[in-house]
Each structure stands twice: as structure tokens, then as C-alpha cells.
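# Architecture and fold: a report
What follows is the residue order along each chain.
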Amino acid sequence: MCGICVPHCPTFALTQNEADGPRGRISLALGLSSGQLTADTPIVDHLDHCLSCLACESVCPSQVQYGSLIDDVRDALATGAFATTTDQPALPAAAQRHWAFLRNHLFSQRQAFGHLWSILSFLEYLRIGGFIRARGGRFGRTLPPELPDRFHPSQAKTRQPAANRHTARKKVGLFIGCTGESLNSDAVRASIRVLQALGYAVETPKAQVCCGAMHQHGGDSARAVQLRAENRQVFSDPELAAIIVIGSACTAELLREPHSIPVLEITEFLAGIPEADWPALQPNTARVAIHLPCSQTRVLKQPGSTERLLRKIPALTLLPLATNDRCCGAAGLHVLMYPEQADALRRPKLTEIDTLEPDFVVSANIGCATHIAAGLGVPVRHPVELVAWALD
Ligand code: SF4
Ligand code: SF4
């Protein structure tokens, strides 16, 4: 109850309401669990607007495990575990029927989202993609100006030869996430290209499933546990030297479970490869603003990995954002469920990027990248894409 975390909370900064900050939310959770409060809409709303960004947990001197606490509260709210004053329990947004349907049958389904991507690409080809962007609500507005080609894991073959058989060292598994076939397909191709150039054989199992982040933070942690178990099974090949994960949020989720094979976020993995093992990288004189997702800084605790990786490319000007201490507002499905709060949280970041006038922004998480790109005229890329360009 010391309140040290409160000024670090982005949602408290927006409203200046104690109930929208970590200490207030902990008090609400205590009130619900003791039965002093009932789970009615205003209380559920204060809890549900939390971004799970962990800015509070990372500064707490008492090491309060706020992230676990808010996940447990959302689970309890979704299952109606707390008393209410009405017959209809107030549910957090992610547990409401239409959001739960979209989460379970579209956003967390790589292939379903990939099929949707193929349809959108066809509409784009027919020159009616603008209609989707204009009339597709929040989802339409976040579509990039040019849709990247769909990536099919079958194109990558189950076991790819390394680019240089003589230097081939080891085989790694590649976790591509729910958007790997669609929104994030450029980063997937770039990752395979870079790993192969470094002499790694890359396996991209078709049977891999969602990491479970949307479920873990959306009131369905039981499903998240099942998904993590499926992925553990899919990536159990003892020949794999490591499981490389493209998204920082996905890495954080997979690491909730112990794996017999090391799980590493790709910027951290590549940044750790000794200089002597790298092929020559072409200079690039671009100015690159670095956005750091909360999952990369606060959960994985690797705030320097993107910068260390990009420093391998000669002549780049790297511009880490001063606003990296604040969540951009994407926060998984939060950007779709609470678009006004998401836009308000993004605003200072866009202002800073405009001032820096970069050629690119990079982010190691596709959710943040998409949310930031939707408000900018500057391309937002995964850092590994810049490394792949420097190989050519
Ligand atoms: S969560 Fe930690 S920092 Fe925040 S009020 Fe409680 S003890 Fe203080
Ligand atoms: S996780 Fe982030 S949004 Fe939620 S209470 Fe903590 S600092 Fe605030």
C-alpha cells in the first residue's frame, strides 16, 4: 500500500483515479475476494482497463506479484466467482461472448487468420481493400497500407538446410505466433533468412499453436496452460538447439513453463552470436527509432537486445524512444476492446517519433508494431527485417 507504483502506471496517468492504478486495483481485488465489494460494472471496468504492462510490478519494493494477481482476478471474474448485486455478472471485456469467440476462433488461430489474410489480399488485388480499411472498424483501421504476402509453413519445409552446409552448426525451432502467416510474415521470412545465413537449419513446425497470451491475460488461463503444453510437445525434438521466438510477448508466455530446450526471443538470440560468426553486413544510413515492448523490458528483462543486434549493422543511427518506459496501449486485445484508451496511451509515443523524424521504427512485438504503425506515416518493422536487408 506504499503507493510507489502509482505514478508509474499509464492508466492512472490518464485518469488520475486511484481505482485506475495498481494500488487501487489491488484494493478492489481484496474487496471482491473478501466479499466487501460486489463485481458490478464500474469495479470490473477499473480492473479490466489494466494493461498487464507490469510497470507497477517492476518498481514495487515489496515484490508484489501484480501480474499474477490481475490474471487471477480476470479468471475469477470470467467464471463469475465473485458475488454480484444482479443476476447477470459483470464480465471483463475479453470474457464477453463475441470477444471470446474472436479470440478463440480467429485471433489465436494462425491458419484461420492466414485464410482471412488471403481473402483480404485478394480484395486488395481487386482494389477494394480501401473499403475494408474504411468500413472495417478498428480492425480495418489497423491494417497496414500494403499487406505482406502470406507465409505458409509448408513453403519452409519441415527441415530446411542451412544456407551454408559447411558452416551448418545446429538446428533451431522457429515459433512464429498467430500472426506469423499473415500480419508478421515479413518478419518470419527475415528470421529464416538470417538464421540460415548464420548456418542454422530452421524448423517451423506446422502444428505449433498460439502461445496463449490472449487467454492468460483474458480470463482463460486454463486454456493458456493447454496451449503451452501443446507447444511443448510440438517443439520437443531433442535435436533442436533452441526454440527461437519472433514476438517478445509470445516468448514471455512460452517461458511460463519449463522447457527442456532453451526458449529465446530472436533479438536476444541473434545479439548473442559472436561477431566472428556473422557474415559481412551492408551499411545502412537510416535513422531508426527503437520502441521497446513491455514484454521485452519488464517480463523478459532484456531492454538492450534490439539495440545490441542493430549495432551490428554499420552506419545505422539508433534512436531509443524516451517513452519506452510507458506501454504504447496495444496490450494484446486491449487495443481492440478499449480503442480510446489505447489511442490516448499511444499519443505521446507518436509525438516523440514525429519529432525524431526516423526512416523506420522497430519493435520486437507485432501487436505494438501494428498499433504504432496505424498512427504513423513511417514504416514500423521487426528489427530482424533490417538485419535481413543488410545481408543482401
Ligand atoms: S504494489 Fe508494491 S509499490 Fe504498489 S502500493 Fe503495493 S507495495 Fe507499494
Ligand atoms: S500492469 Fe500496468 S496498467 Fe496495470 S496497474 Fe500495473 S502499471 Fe497500471
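Residues numbered from 1 in each chain as written. Chains lettered and ligands numbered in written order. Predicted model: local features only at pLDDT ≥ 70, side-chain atom pairs only at ≥ 80, totals over all residues. Heavy atoms only, no water.

A separate point is the packing of helix α10 (residues 185–197) against helix α20 (residues 383–391). Packing of α10 against α20 brings their axes to within 8 Å, and their N-to-C directions diverge by 50°. With respect to each other, α10 and α20 are oriented oblique. Seen along the crossing, α10 lies across α20 with a hand that is left-handed. Contact residues: Asp186, Ala187, Ala190, Ser191, Arg193, Val194 and Ala197 in α10; Val384, Glu385, Val387, Ala388 and Leu391 in α20. Here the contact of α10 with α20 is built from residues that sort into 8 nonpolar, 1 polar and 3 charged. (Axes fitted to C-alpha atoms, helices over the stretch in contact; angles between N-to-C directions. Helix = DSSP H or I, 4+ residues; strand = E, 2+ residues; numbered from the N terminus. Parallel < 35°, antiparallel > 145°, perpendicular 65-115°, else oblique. Left-handed = near helix turned anticlockwise from the far one by under 90°. Contact = heavy atoms within 4.5 Å. Nonpolar A, V, L, I, M, F, W, Y, C, P; charged D, E, K, R; others polar.)

Below, the discussion takes up the site of ligand 1. For ligand 1, the full set of nearby residues is Met1, Cys2, Gly3, Cys5, Arg23, Ile26, Cys60, Pro61, Ser62 and Val64. Looking at the shell around ligand 1 residue by residue, the classes come out as 7 nonpolar, 2 polar and 1 charged. (Near = heavy atom within 4 Å.)

Close contacts around ligand 2 come from 13 residues, with Cys9, Arg25, Cys50, Cys53 and Cys56 the closest. Of all the secondary structure elements, the ones that give two or more residues to the shell around ligand 2 are α1 (10–15), α2 (22–34) and α4 (55–59). Classifying every residue of the shell around ligand 2 gives 10 nonpolar, 2 polar and 1 charged.

On to the pairing of strand β3 (residues 240–245). Among the 6 residues in β3, 5 count as buried, and that is most of the element. Relative to β3, strand β1 (residues 171–175) runs parallel, the two sharing 5 bridges. In the sheet register, Gly173 faces β3, and the bridge partner there is Ile243. For β3 and strand β4 (residues 263–265), the ladder comprises 3 bridges, and the chain directions are parallel. Its bridge partner lying in β4, Ile244 is registered against Leu264. Note on the crossover from β3 through helix α13 (residues 248–254) to β4: the handedness is right-handed. (Buried < 20%, exposed > 50% of the residue type's maximum accessible area, 1.4 Å probe, protein only. Pairing = 2+ DSSP bridges. Right-handed = clockwise from strand over helix to strand, strands pointing away.)

Taken together, 4 strands build an open sheet; the order of strands is β2-β1-β3-β4 and the sheet is parallel. The sheet terminates laterally at β2 (201–203) and β4, the two strands that pair on one side only. For this sheet, the mean angle separating the axes of adjacent strands, direction not counted, is 35°. Contacting β1 and β2, α10 crosses the sheet at an angle of about 170° to β1.

That's the geometry; what it means functionally is another story.
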